[in-house]
Amino acid sequence: LLRTADWQGQWIGRPLEGQEDSQPCPYLRHEFTAKGAIRRARIYATSRGLFELYLNGKRVGSDHFTPGWTDYCKRISYFVYEVAADLVPGQNVIGAILADGWFAGHLTWFHRRHLYGDQLSILLQIEIEYGDGRREIVATDPKWKTSLGPLLKSDCYNGETYDARLEMSGWNRPGFDDSHWQNAVVIASPKARIVAKRNLPVRKQEELAVVAQTEPL
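All of the points below concern the structure found in this document. All figures in this text were calculated on a predicted structure; none of them were measured in a lab.

Cut-offs and rules
- Residues numbered from 1 in each chain as written.
- Predicted model: local features only at pLDDT ≥ 70, side-chain atom pairs only at ≥ 80, totals over all residues.
- Heavy atoms only, no water.
- Helix = DSSP H or I, 4+ residues; strand = E, 2+ residues; numbered from the N terminus.
- Rg over C-alpha atoms; globule rule 2.2 N^0.38 Å.
- Buried < 20%, exposed > 50% of the residue type's maximum accessible area, 1.4 Å probe, protein only.
- Areas by Shrake-Rupley, 256 points an atom, 1.4 Å probe, with all protein chains shown as cover.
- Lys, Arg positive; Asp, Glu negative; His and termini not counted.
- Charge placed at Lys NZ, Arg CZ, Asp CG, Glu CD.
- 1 Å grid on protein atoms, 1.4 Å probe; cavity = no way out; pocket = protein on both sides within 12 Å on 5 of 7 lines; lining within 4 Å.
- Points joined across faces, edges and corners; volume = space filled by probe spheres on them.
- Nonpolar A, V, L, I, M, F, W, Y, C, P; charged D, E, K, R; others polar.
- Core = buried A, V, L, I, M, F, W, Y, C linked by side-chain atoms within 4.5 Å.
- Salt bridge = Lys/Arg side-chain N within 4 Å of Asp/Glu carboxyl O.
- Disulfide = S-S within 2.5 Å.
- Pairing = 2+ DSSP bridges.
- Phe/Tyr/Trp six-rings, centres within 6.5 Å; stacked < 30°, edge-to-face > 60°.

Looking only at helices and strands, the chain has one helix and 17 strands in total. A globule of 217 residues ought to have a C-alpha radius of gyration of about 17 Å, and the chain, at 18 Å, matches this closely. In terms of its C-alpha atoms, the chain occupies a principal-axis envelope of roughly 65 × 40 × 35 Å. Relative to its full complement of 217 residues, the chain shows a buried share of 47%. Looking at the chain as shown, the accessible area adds up to about 12200 Å², and 51% of this sits on carbon and sulfur atoms. For the chain, the distance from the average position of its 27 positive side-chain charges to the average position of its 26 negative side-chain charges is 8 Å.

In this section: the layout of surface pockets. Rolled over the atoms, a probe as big as a water molecule pinpoints where empty space is left. As a volume, the largest pocket reaches approximately 350 Å³. Around the largest pocket, the lining is made up of 17 residues, and of these Leu50, Glu52, Ala99, Ser154 and Glu160 lie nearest the centre. Of all the secondary structure elements, the ones that give two or more residues to the lining of the largest pocket are strand 4 (50-55), strand 6 (63-64), strand 8 (90-99) and strand 12 (151-155). Residue composition of the lining of the largest pocket, by class: eight nonpolar, four polar and five charged. The volume enclosed by the second largest pocket comes to roughly 170 Å³. It is strand 3 (residues 38-48) that provides the largest number of residues to the lining of the second largest pocket, a total of four residues. When grouped by side-chain class, the residues that make up the lining of the second largest pocket number four nonpolar, no polar and seven charged.

As a rule of thumb, nonpolar side chains are buried together in soluble globular proteins. Ranked by size, the top nonpolar core spans 55 residues in total, and within it Ile43, Leu53, Leu124 and Ile128 carry the most contacts. At the level of secondary structure, the elements contributing two or more residues to this core comprise strand 2 (26-34), strand 3, strand 4, strand 7 (75-82), strand 8, helix 1 (101-104) and strand 9 (121-130). If one sorts the elements of this core by residue count, strand 9 sits on top with six residues.

With that settled, consider the pattern of salt bridges. The final tally for this structure, using the stated rule, is 15 salt bridges. Salt-bridge contacts for arginine 135 lead to glutamate 129; the nearest nitrogen and oxygen are separated by 3.4 Å. Overall, the relative accessible area of 66% leaves arginine 135 in the exposed class. For glutamate 129, a relative accessible area of 8% gives the class buried. Through salt bridges with shared partners, a single ionic network connects Arg29, Glu31, Lys145 and Asp178.

For the structure shown, the criterion picks out zero disulfides. In this structure cysteine 25 is a free cysteine whose sulfur lies 11 Å from that of cysteine 156, the closest cysteine sulfur available. Its sulfur unpaired, cysteine 73 is 17 Å from the next cysteine sulfur, which belongs to cysteine 156.

Sheet architecture is open: six strands sit in the order 5-4-8-2-11-14, paired in antiparallel fashion. Two strands close off the open sheet at either side, each with one partner strand: strand 5 (58-59) and strand 14 (182-183). Bridging between strand 4 and strand 8 involves six bridges; their strand directions are antiparallel. Pairing of leucine 53 across the sheet is with alanine 96, part of strand 8.

Aromatic ring pairs are described here by two measures, namely the spacing of the ring centres and the angle between the planes. For the structure on display, the rule yields 12 aromatic pairs. Here tyrosine 54 and tryptophan 171 contribute two aromatic rings whose centre-to-centre distance is 5.8 Å and whose plane-to-plane angle is 75°, an arrangement assigned as edge-to-face. You can see tyrosine 54 sitting in strand 4 and its partner tryptophan 171 sitting in the loop between strand 13 (159-162) and strand 14, a full 117 residues away along the chain. The buried category is assigned to tryptophan 171, whose relative accessible area is 8%. Between tyrosine 72 and tyrosine 116, the ring centres sit 5.0 Å apart and the planes meet at 65°, which makes this aromatic pair edge-to-face. With tyrosine 72 in the loop between strand 6 and strand 7 and tyrosine 116 in the loop between helix 1 and strand 9, this residue pair connects regions lying 44 residues apart in the sequence. The structure contains a cluster of three or more aromatic residues connected by ring pairs, namely Trp7, Tyr44 and Tyr78.

See the structure below:
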């Protein structure tokens, strides 16, 4: 997507609820119908804050801390994912979790928050090409649904608070009952340029085995 006009999605998010500390992570989902056999499909996505995507219950990509840290007043990076193999004819669900990241989380030597803003938001569109040549775009808009979940806090430097009692089994799969979720709200578009990611993504490289587990007195 080389021009701003190529983006048909709208910036959407969950309304702020006045937290001074790290805010709970918004969960967003959208159920849509693929109308035939799929030849190609790509997701284009970015956010103010961090995003983690799911398609039909499967994590999209192997990146972490996406879309990364930029000067959000000047430029915001977007990612592209090939997802044709994960879409199916019929019902599909795209889901996202947002977090403070460098956009709204603690930052600088003075441990400030909201250096760039406080309203988390995501911009996303799926471009689908069917086997018969038809094309369709599924994009972020107010029809998406949003809720809070088990991630009560998530900060790059202060870690996360996760309450497993609030898990929502199947929230990122078709058929989930989201009738109690609210509609997402449209967030004003930034003045910053939306540009393709220019550097290598953050990915898991190694997992260290536990040496010991202790309980502090």
